[in-house]
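Chain residues, written in single-letter form:
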Amino acid sequence: MASITKISDNTGLKKHSMKYLCNILLLLTVICTASCQNDTVPPGFTRDAAQPGHRFSKTASVEIRQVPVTHEAVGTIRPLTESVIESRISGQVLEVLVSPGDRVLNDQPLVILDNRQVTARVNQAMEEKNLAENHLSQALKGVDEARAGLEQARTAFERSRILYDKHIVPSQQLEVDKAAFLTAKARLEKMQEAVAAARTDIRRAEQVVAEARISLEYSEIMAPENGIVVQRLVDPGDQAIPGRALLKIQTSGFLQLEAHVREGLIQHIVLDKEYDVAIQTVDKTVPAIIREITPYADPDTRTFLVKASLSEDPGIYPGMFGRLIIPVGHETIPVIPAQAVIRVGQLEMVHVKTQEGRFRSVYIKTGKPSGSDVEVLAGLSGGETLGW
């Protein structure tokens, strides 16, 4: 009986301990939840004032300025003029003589193609031309012989006709000499046609030779003008065919930004007007002039393609990312010296003078910098006195 009572007391003690532990866990949960709900600090005065008697070395008033409102259109830096080098004939690439970044001059060799097939065609065309010239030489000799035979036949025929009129030779002799004369005349005409055909063959062969030589020249691809190689799209062993790009050359030192401007901002883009272009990778903002506005919106992106030419800058290269800054209006906003802002982690605050002459800390939210000043988006309304 005593053992049963002891077991019951132990069971009650365990239940009491579990209940106490659950209460502690619930209390900790409530405390953590309350602390998580107050992790943001709204702009405005804090509850704690600055220490009495504290003096600041500098003071300034919060100014209200009219600042421009801008939007950005992203784009890519590209060459103002660019040449795409292609092959005019088909052939295997034997050698590529340039690499990206190389400067090239007009008529400088860039790519060498296999020209064995073209060379064989040139040789074949030359043989056909030589053969046509031989035919012409033989035809001219035949013409000379036919012309001599014709004169001889004409003389014999004229003599026979005179003698026939005098009844010295019979009519059979006259017919024989006449037939010989007509045969010689026909042979001369045939030789003259052979000469004309041979000359036609020569002209055709010369055209084939000229075409083959042009193709042979195309096997060595030259630079169309001075420039810089920006992209290489072929390697030795590749097959070059007409229409396939081999190289890309920037043929001028000027660049342009190709930006995609959304429909709602296109009315703020004016042709030949100057805008700023921000290139974040090199931390530069350069002026650009709008040169082209495509009068057609892309139905997929709902944007217009705008091209703005940049001034020459040694630190900017094709392919870089840029932003076209588009001003759309103005707004009034408080502006304060950037030195007056105190940053603690992600929080920003300033010391504001109260009506009692004391300084209190105020949490603010800053915006874009403007020289030595910075815009204030929240926390200040203008006219306050700051100390730092």
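1. Side note on the overall build of the protein
Here's step 1: The helix and strand tally for the protein stands at three helices and 21 strands.
Here's step 2: Put simply, the protein has 388 residues, and 31% of those count as buried.
Here's step 3: A separation of at least 24 residues holds for 72% of the contacts in the protein among residues at least 6 apart in sequence.
Here's step 4: Summed over all atoms, the accessible surface of the protein reaches about 25100 Å², with 53% contributed by carbon and sulfur.

2. Overview of the side chain of glutamine 256
Here's step 1: Among the secondary structure elements, glutamine 256 is positioned in strand E12 (residues 255-262).
Here's step 2: Only 3.4 Å separates the side chain of glutamine 256 from the side chain of glutamate 258, close enough to count as a polar contact.
Here's step 3: Look past the residues within four positions of glutamine 256 in its chain and what remains in contact with it is Thr76, Ile77, Arg78, Pro79, Leu80, Lys307, Ala308, Ser309 and Leu310.

3. Overview of the sheet that holds strand E11 (residues 245-250)
Here's step 1: Spatially, four strands are ordered E4-E11-E9-E6 in an open sheet, and the strand pairing comes out antiparallel. Both edges of this open sheet fall to strand E4 (82-86) and strand E6 (103-104), since each of them pairs with a single strand only.
Here's step 2: Bridge analysis of strand E9 (residues 227-232) against E11 gives four bridges, and the strand direction is antiparallel. Residue pairing for E11: valine 229 is matched across the bridge by isoleucine 249.

4. Here we look at the nonpolar core
Here's step 1: Within the largest apolar cluster, 23 residues are counted, with the highest numbers of intra-cluster contacts made by Ile77, Val261, Ile269, Val277 and Leu324.
Here's step 2: Breaking this core down by element, the ones donating at least two residues are strand E3 (63-79), E12, strand E13 (274-279), strand E14 (284-293), strand E15 (303-310) and strand E16 (321-337).
Here's step 3: Counting residues in hydrophobic clusters, the runner-up holds 18 residues, among them Ile85, Val104, Leu110 and Val229.

5. Observations concerning the sheet that holds strand E5 (residues 91-96)
Within a sheet, each strand pairs with its neighbour through backbone hydrogen bonds, oriented either parallel or antiparallel.
Here's step 1: Spatially, four strands are ordered E8-E7-E5-E10 in an open sheet, and the strand pairing comes out antiparallel. Of all the strands in the sheet, just strand E8 (220-222) and strand E10 (239-240) have a single pairing partner and so form its edges.
Here's step 2: The sheet contact formed by E5 and strand E7 (residues 109-113) spans three bridges and is antiparallel. Among the inter-strand pairings, glutamate 95 is bridged to a residue of E7, identified as isoleucine 112.

Conventions and cut-offs
- Residues numbered from 1 in each chain as written.
- Predicted model: local features only at pLDDT ≥ 70, side-chain atom pairs only at ≥ 80, totals over all residues.
- Heavy atoms only, no water.
- Helix = DSSP H or I, 4+ residues; strand = E, 2+ residues; numbered from the N terminus.
- Buried < 20%, exposed > 50% of the residue type's maximum accessible area, 1.4 Å probe, protein only.
- Contact = heavy atoms within 4.5 Å.
- Areas by Shrake-Rupley, 256 points an atom, 1.4 Å probe, with all protein chains shown as cover.
- Polar contact = N/O pair within 3.5 Å; in protein donor to acceptor, adjacent residues only side chain to side chain.
- Pairing = 2+ DSSP bridges.
- Core = buried A, V, L, I, M, F, W, Y, C linked by side-chain atoms within 4.5 Å.

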